[in-house]
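Descriptive structure summary
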Amino acid sequence: MGFARTCSVALVGVEGVVVEVQADLEPGVAAFTLVGLPDKSLTESRDRVRAAVVNSGGEWPQKKLTVGLSPASVPKAGSGFDLAIACSVLGAAERIDPRVLADLVMIGELGLDGRVRPVRGILPAVLAAADAGYEQVVVPECAAAEASLVPGVSVLGIRSLRQLIAVLTDEPVPEEQTEDPERPDPLLSGLRLPGTGAATGMHTFGAAHQDQGHDLADVVGQRSARTAVEVAAAGAHHLFLEGPPGAGKTMLAERLPSILPPLDRQASLEVTAVHSVAGLLPPGKPLIGTAPYCAPHHSATMQALVGGGPGTARPGAVSLSHRGVLFLDETPEFSSKVLDALRQPLEAGHVIIARSAGVVCFPARFLMVLAANPCPCGRFSQTNEQCECPPAAIRRYQARLSGPLLDRVDLRVEVDRVTRGELSASGAGGEATVRVADRVRAARERAAARLAGTPWRTNSEIPGRELRSRWRAAPGALDDAERSLERGVLSARGLDRVLRVAWTVADLSGHDRPDATDVALALQLRTGVPRGVPMAIGAAV
């Protein structure tokens, strides 16, 4: 009887569970049994592994073979267990010393010719192995850069099963034929899912220095909206832009990621892990260092926006925009149930998906930007009489955005129609992205220094009780906001959000704490009611 074991990782969302892959050989009729809650793709590994071993020059044992995946209570999915199964079988057949395999974690899919193909979720899988105390992992060669992002782990990137057998048995490592650099590597196809290209809106958007095609200087006029975008970026506040078609709502939203500061190391790993699981990690760029940007179509389903789907739940747009921007253009055209599903992740910073196969938790701390027309035809305003929509139609259209959802939005700005004079004026464009990004970065640094030693990173995350007790505004600064609360203009949550925005305005203006002017501007951005303060901040005047 022969026995060997090694390890692999089963992913549950973006969290991994180390799975021990055990192989047992006994005398009897040749058979291959795989146990431990495998899914369909994992069950098919029996044929892939057998062909890969034979085509790699190995001998398949003609005995009763049982491969167990432990713990058996955890569902296993995907083809990433192929490499561990093949090595455990070769260890039980004494082709490889079983003692060499015991402390290794192996992740990779095997082709019938023995080539090792990458799978999605390499980064979270290696993170789970490191958390479990493992120090050596074996991954496909083209995914070695992604696995190397985890500190304290020795990564071995291999291109074929033949190479791995040679490394583990101290034999000369054979040279594998590499693909033509002018042609796409077919092995990279395992990293992406069909239908996840740039056209879906589920893609990362570069920062200003990487994306010269989107500059805030291109936006003509819109002083109030530009100020709101700057405040949203500085404090990670949610933003609602309302205005007629062609006023520049989409332009402002597309340029918002470029003024966000670069992601720190922890945030980069979180974002990269989500995109790796979703099959959206760009080949050759294992670490995402800029804020992601997702703009799903208004016909998106609940599963596409929040996450889920058949079988193993996959991250939705709210998770793909984690630490970045989620832009919902034509927001009233979204399903009301889909929009109301955003309430929980907006408050909690994560989304929990419960299915019969288990419960999955995905991170979802994003900056939400809503854009809407004032009416079905888009021409309704206080100063424009061209709208032909009946009052009842306007009310129904605006009522598609529920009050509880809008109460979670910190900034609400009306985007006015651009006039002919503004378009034709020389130098009509506003400040460039680089200058605005510098102010946003300085404001984030002030907030980070104030929040050092706390679990919060931005002003939008601070609980209201902490703002009222630990970080107080200047005396008398909240008088107008408290009167608005008494009149019912603000809810208790709304008052907390006004105070958070006021702290962001103070950070942008260089104030030690919010004064009456900062709070008044925050109220104006929150309610849309003029408060007699200029819609500009500090150097933006």
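Residues numbered from 1 in each chain as written. Predicted model: local features only at pLDDT ≥ 70, side-chain atom pairs only at ≥ 80, totals over all residues. Heavy atoms only, no water.

This part covers the overall build of the protein. In terms of regular secondary structure, the protein is built from 22 helices and 19 strands. Residue pairs at least 24 apart in sequence account for 72% of intrachain contacts in the protein once pairs closer than 6 positions are excluded. Within the structure as shown, the protein displays about 23700 Å² of accessible surface, and the carbon and sulfur contribution to it stands at 51%. (Helix = DSSP H or I, 4+ residues; strand = E, 2+ residues; numbered from the N terminus. Contact = heavy atoms within 4.5 Å. Areas by Shrake-Rupley, 256 points an atom, 1.4 Å probe, with all protein chains shown as cover.)

Take the side chain of Glu461 next. With respect to the secondary-structure elements, Glu461 resides in the loop between α18 (433-450) and α19 (464-469). Relative accessible area serves as the criterion here: at 16%, Glu461 is assigned to the buried category. Other than its neighbours up to four places away in sequence, Glu461 contacts Arg323, Arg365, Pro455 and Trp456. (Buried < 20%, exposed > 50% of the residue type's maximum accessible area, 1.4 Å probe, protein only.)

We now examine helix α5 (residues 122-131). The buried fraction of α5 amounts to 7 of the 10 residues, a majority that puts the element mostly inside the structure. Those residues of α5 lying buried are Ile122, Leu123, Pro124, Ala125, Val126, Ala128 and Ala129. Gly133 occupies a position one or two residues after α5 and carries a positive phi of about 100°.

Attention now goes to the pairing of strand β11 (residues 239-242). Pairing of β11 with strand β18 (residues 367-372) involves 4 bridges; the strand directions are parallel. The residue of β18 that forms the bridge with Leu241 is Ala371. Looking at chain direction, β11 and strand β19 (residues 411-414) are connected through 4 bridges and run parallel. Looking across to β19, one finds that Phe240 is bridged to Arg412. (Pairing = 2+ DSSP bridges.)

Relative to the assigned elements, Arg439 resides in helix α18. Owing to a relative accessible area of 13%, Arg439 belongs among the buried residues under this scheme. Distance from Arg439 to Ala234, taken between C-alpha atoms, is 8.2 Å for residues 205 residues apart in sequence. Looking at Arg439, its side chain comes within polar contact range of the side chain of Glu431, at 2.7 Å. (Polar contact = N/O pair within 3.5 Å; in protein donor to acceptor, adjacent residues only side chain to side chain.)

Quick look at unusual backbone geometry now. Among all residues except glycine, the phi angle is most often negative; among peptide bonds, the trans geometry is most common. Pro71 follows Ser70 through a cis peptide bond whose omega is 5°. By the secondary structure assignment, Pro71 is in the loop between β4 (64-70) and α3 (82-92). A positive phi angle, close to 65°, is found at Arg323, a residue other than glycine. Position of Arg323 relative to the elements: it lies in the loop between α12 (317-320) and β15 (325-328). The phi torsion at Glu330 lies on the positive side, around 55°, for a residue other than glycine. Positionally, Glu330 belongs in the loop between β15 and α13 (336-340).

With that settled, the discussion passes to the packing of aromatic side chains. Tallying each qualifying case throughout the model produces 2 aromatic pairs. Ring plane angle 40° and centroid distance 5.7 Å describe the contact between Phe32 and Trp60, whose orientation is recorded as tilted. With Phe32 in strand β3 (residues 31-35) and Trp60 in the loop between α2 (45-55) and β4, the pair connects residues that are 28 residues apart, well separated along the chain. Where Trp456 meets Trp471, the ring centres are 6.4 Å apart and the plane angle is 80°; that geometry is what we call edge-to-face. Highlighted residues: Trp456 in the loop between α18 and α19 and Trp471 in the loop between α19 and α20 (479-486), separated in sequence by 15 residues. Considered together, Trp456 and Trp471 belong to a single accessibility category, that of buried residues. (Phe/Tyr/Trp six-rings, centres within 6.5 Å; stacked < 30°, edge-to-face > 60°.)

Further remarks concern the side chain of Asp82. Structurally, Asp82 is set in helix α3. Under the relative-accessibility criterion, Asp82 is labelled buried at 0%. With sequence-adjacent residues up to four places away left out, Asp82 is seen in contact with Ser45, Arg48, Val49, Gly108, Glu109 and Leu110.

Here we take up α18. For α18, with 18 residues, the first-to-last C-alpha span of 26 Å sits near the 26 Å given by 1.5 Å per residue. Of the positions making up α18, those classed as buried are Thr433, Val436, Ala437, Arg439, Val440, Ala443, Ala447 and Arg450. Take α18 and look down its axis: the buried residues cluster within an arc of 160°, on one side only. Exposed positions of α18 whose direction lies more than 90 degrees from the buried face are Val434, Arg435 and Ala449. (Expected span 1.5 Å × (residues − 1). Arc of directions from axis to C-beta.)

Once that is clear, we can look at the pairing of β4. Two strands pair when backbone bridges link them, and strand β2 (residues 15-26) and β4 are joined in this way by 7 bridges, in the antiparallel orientation. What sits directly across from Glu26, in β4, is Lys64. Pairing between β3 and β4: 5 bridges, direction parallel. Across the sheet, residue Leu34 finds its bridge partner in β4, namely Val67.

Glancing now at the packing of α3 against helix α7 (residues 161-168). Here α3 crosses α7 at 45°, and the two axes come no closer than 12 Å. As judged from the angle between their axes, α3 and α7 are oblique. In terms of crossing hand, the pair formed by α3 and α7 is right-handed. Contacts between α3 and α7 pair Leu83, Ala86, Cys87 and Leu90 from the former with Leu161, Leu164, Ile165 and Leu168 from the latter. (Axes fitted to C-alpha atoms, helices over the stretch in contact; angles between N-to-C directions. Parallel < 35°, antiparallel > 145°, perpendicular 65-115°, else oblique. Left-handed = near helix turned anticlockwise from the far one by under 90°.)

Here Met106 shows up in strand β5 (residues 104-106). Distance from Met106 to Val126, taken between C-alpha atoms, is 9.5 Å for residues 20 residues apart in sequence. Apart from the residues within four sequence positions on either side, Met106 is in contact with Thr6, Cys7, Ser8, Gly80, Leu83, Ala84, Cys87, Leu101, Val138, Leu164 and Leu168.

Counting residues in hydrophobic clusters, the biggest one holds 57 residues, and the most contacted among them are Val231, Leu239, Leu241, Leu256, Ile259, Val369 and Leu525. Not counting the four nearest positions on each side in its chain, Ile259 is found in contact with Leu216, Val229, Glu230, Ala233, Thr433, Val436, Ala437 and Val440. Among the nonpolar cores identified, the runner-up in size contains 37 residues, and Ala10, Leu69, Ala86 and Val116 belong to it. (Core = buried A, V, L, I, M, F, W, Y, C linked by side-chain atoms within 4.5 Å.)

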